Amino acid sequence: MAFPGILGHERALLRLREALNSDRLHHAYLLAGPEGVGKEKVALAFAKSLVCDTEERSSRPCGSCAACRKVEHGAHPDVILAMPQAEAVSRGLLSSSELDAAPSRELRVNDVRELERRVRLPPYEARHKVVILTPADKMNQSAQNALLKTLEEPPRATTLLLVTAAADMLLPTVRSRCARISFGPLPVDLVARELVRRNGGDQENAEVLAVLSGGSLGRALDLDGDAGEARRKLILDLRGLDPSDGGALVSFAEGFSGNRQAAENRLEVMSLWYRDVLAAASGASPSVMMNPDLAREIDADARRIPAEELVRRLEAIAGARRDIAGNVNARLVMEGLVAGFEGAG
Ligand SMILES: [Zn+2]
């Protein structure tokens, strides 16, 4: 393993490991890839390696020296974590009572200027300074322009790590001055294994969540627990729905009216459900299903709902997702959607 405790991403880690061992470090790295796959964990492991006290380079980070432990506790003066105030508040690193105004959701030009000032000072304790910008795409335009100056005249013995799930939001000039380390989704079996290791529970459920998460351990952990049950409940509610019962439609649609992300997740569950039913209708084996725990229900619906109606529903769900992404009221979109389903659930 290139870095202790990091799952997957062998190629990305190998590149960072080679840079560390050869001491040919780039002054800035862009760690880009999907949400929840461990990019920030890698950034912290890399930062630890750069400040670790252990002599033997290939053994860094040792995880047990004072420097490693300080990074672990967010207390190393040469490892600077820069994030929007709102992010720091949600992680419990900052209290909103310490702020004069509502916490900012962006990294602003003054934040970057303050970073610039700090990186021009020599390291306090380590040989090296590390700045982790997370998520880097939260820098607004002028903050990014300010960062360009730092990227163009890199301070000595300093490494910048830009962590992002939305690299497109960064200026091309910022991106081009960083060495890009790309992260992909984690393999499904790895996510499933890690879910079982952390949360217990059965393998089958873990595999379903791993598939639904699209290879994001963070998302799978969010989906686990109550949410695994919530998926089943949503599908069973959907199957039991009578489109001619106005009251039932309204209360089903009500479940989508929270935040937009929650509505999108629920539509994703519905979409995967009808894809399973359609696959079963064309004779696919249950092993390729996204909802293997509901194999009996899939089979029943495949016999009950005509294939052309399934295709129509999948298209309608895709349309509903576009509407909700475009800020149309989720409850109204959902009422319209399910009212349009022909026959029961
Ligand atoms: Zn160490």
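Please refer to the structure placed before this passage.
Rules of the game
- Residues numbered from 1 in each chain as written.
- Predicted model: local features only at pLDDT ≥ 70, side-chain atom pairs only at ≥ 80, totals over all residues.
- Heavy atoms only, no water.
- Helix = DSSP H or I, 4+ residues; strand = E, 2+ residues; numbered from the N terminus.
- Expected span 1.5 Å × (residues − 1).
- Buried < 20%, exposed > 50% of the residue type's maximum accessible area, 1.4 Å probe, protein only.
- Contact = heavy atoms within 4.5 Å.
- Salt bridge = Lys/Arg side-chain N within 4 Å of Asp/Glu carboxyl O.
- Donors = N, O, S within 2.8 Å, 3.2 Å for Na, K, Ca; no water.
- Tetrahedral: all angles 85-135°; square planar, octahedral: opposite > 155°, others 65-115°.
- Axes fitted to C-alpha atoms, helices over the stretch in contact; angles between N-to-C directions.
- Parallel < 35°, antiparallel > 145°, perpendicular 65-115°, else oblique.
- Left-handed = near helix turned anticlockwise from the far one by under 90°.
- Nonpolar A, V, L, I, M, F, W, Y, C, P; charged D, E, K, R; others polar.
- Core = buried A, V, L, I, M, F, W, Y, C linked by side-chain atoms within 4.5 Å.
- Pairing = 2+ DSSP bridges.

## Some details on unusual backbone geometry
Okay, so step 1: Going from Arg 60 to Pro 61, the amide bond is cis rather than trans, its omega being 0°.
Okay, so step 2: Mapping Pro 61 onto the fold places it in the loop between helix H2 (39-51) and helix H3 (66-72).
Okay, so step 3: Each neighbour pair has its own omega, and for Thr 134 with Pro 135 the value is -10°, a cis peptide bond.
Okay, so step 4: As for its position among the elements, Pro 135 is in the loop between strand S3 (129-133) and helix H6 (141-152).
Okay, so step 5: Of note, the phi angle at Ala 157 is positive, near 50°, even though the residue is not glycine.
Okay, so step 6: When you line up the elements, Ala 157 lands in the loop between H6 and strand S4 (158-164).

## Focus on H6
Okay, so step 1: The end-to-end C-alpha separation of H6 is 17 Å, in line with the 16 Å expected for 12 residues at 1.5 Å each.
Okay, so step 2: Those residues of H6 that sit buried are Ala 143, Gln 144, Ala 146, Leu 147, Leu 148, Thr 150 and Leu 151.
Okay, so step 3: Summarising the contacts, the buried residues of H6 are in contact with strand S1 (28-32), helix H5 (109-120), S3, S4 and helix H7 (172-176).

## Let's talk about the pattern of salt bridges
Okay, so step 1: Applying the stated criterion across every chain yields a total of 17 salt bridges.
Okay, so step 2: One salt bridge in this structure joins Glu 268 and Arg 321, with 2.7 Å as the shortest N-O distance. Of this pair, Glu 268 sits in helix H13 (residues 260-281) while Arg 321 sits in helix H15 (residues 307-325); the two residues are 53 residues apart in sequence, bridging distant segments of the chain.
Okay, so step 3: Connected through shared salt-bridge partners, Glu 116, Arg 120 and Lys 149 make up one network.

## Brief notes about the coordination of the zinc ion
Okay, so step 1: Protein coordination of the zinc ion is provided by Cys 52 (SG), Cys 62 (SG), Cys 65 (SG) and Cys 68 (SG), with donor distances spanning 2.3 to 2.4 Å.
Okay, so step 2: One way to put it: the four donor atoms around the zinc ion meet at angles of 105 to 116°, and that makes the site tetrahedral.
Okay, so step 3: Each donor residue of the zinc ion belongs to the same chain, with the gaps between them written as C-x9-C-x2-C-x2-C. Of this pair, Cys 52 sits in the loop between H2 and H3 while Cys 65 sits in the loop between H2 and H3; the two residues are 13 residues apart in sequence, bridging distant segments of the chain. Each member of the pair Cys 52 and Cys 65 is classed as buried.

## What to know about the packing of helix H8 (residues 188-199) against helix H9 (residues 203-212)
For any two helices packed against each other, the geometry is given by the interaxial angle and the distance between the axes.
Okay, so step 1: Across the interface, H8 lies against H9 with an axial gap of 8 Å and an inter-helix angle of 130°. Comparing the axis directions of H8 and H9 gives the class oblique. When you trace H8 past H9, the crossing you get is right-handed. Together, Val 188, Val 191, Ala 192, Leu 195 and Val 196 of H8 and Gln 203, Ala 206, Glu 207, Leu 209, Ala 210 and Val 211 of H9 make up the contact between the two elements.
Okay, so step 2: For the contact of H8 with H9, the per-class residue count stands at nine nonpolar, one polar and one charged.

## Examining the nonpolar core
Okay, so step 1: By size, the foremost hydrophobic cluster in this structure holds 45 residues, and its most contacted members are Phe 3, Tyr 29, Phe 46, Ile 132 and Leu 161.
Okay, so step 2: When residues of this core are assigned to their parent elements, the largest contribution, seven residues, is made by H2.
Okay, so step 3: Discounting residues that sit within four places of it in the chain, Ile 132 has contacts with Ala 43, Leu 44, Ala 47, Val 79, Ile 80, Leu 81, Ala 82, Leu 161 and Val 163.
Okay, so step 4: Listed in part, the 32 residues of the second largest apolar core include Leu 294, Leu 310, Leu 314 and Leu 337.

## Structural notes on the side chain of Thr 150
Okay, so step 1: Looking at the secondary structure, you find Thr 150 in helix H6.
Okay, so step 2: Judged by relative accessible area, Thr 150 falls into the buried class, the value being 4%.
Okay, so step 3: The contact partners of Thr 150, leaving out residues within four places of it in the chain, are Glu 116, Val 119, Arg 120, Pro 155 and Leu 160.

## Some remarks on the pairing of S4
Okay, so step 1: Most of S4 sits out of view: seven of its seven residues are buried.
Okay, so step 2: On S4, burial covers both faces: Thr 158, Leu 160, Leu 162 and Thr 164 on one face and Thr 159, Leu 161 and Val 163 on the other are all buried.
Okay, so step 3: Where S1 lies against S4, five bridges are found, and the strand directions are parallel. Opposite Leu 31, over in S4, you have Val 163 as the bridge partner.

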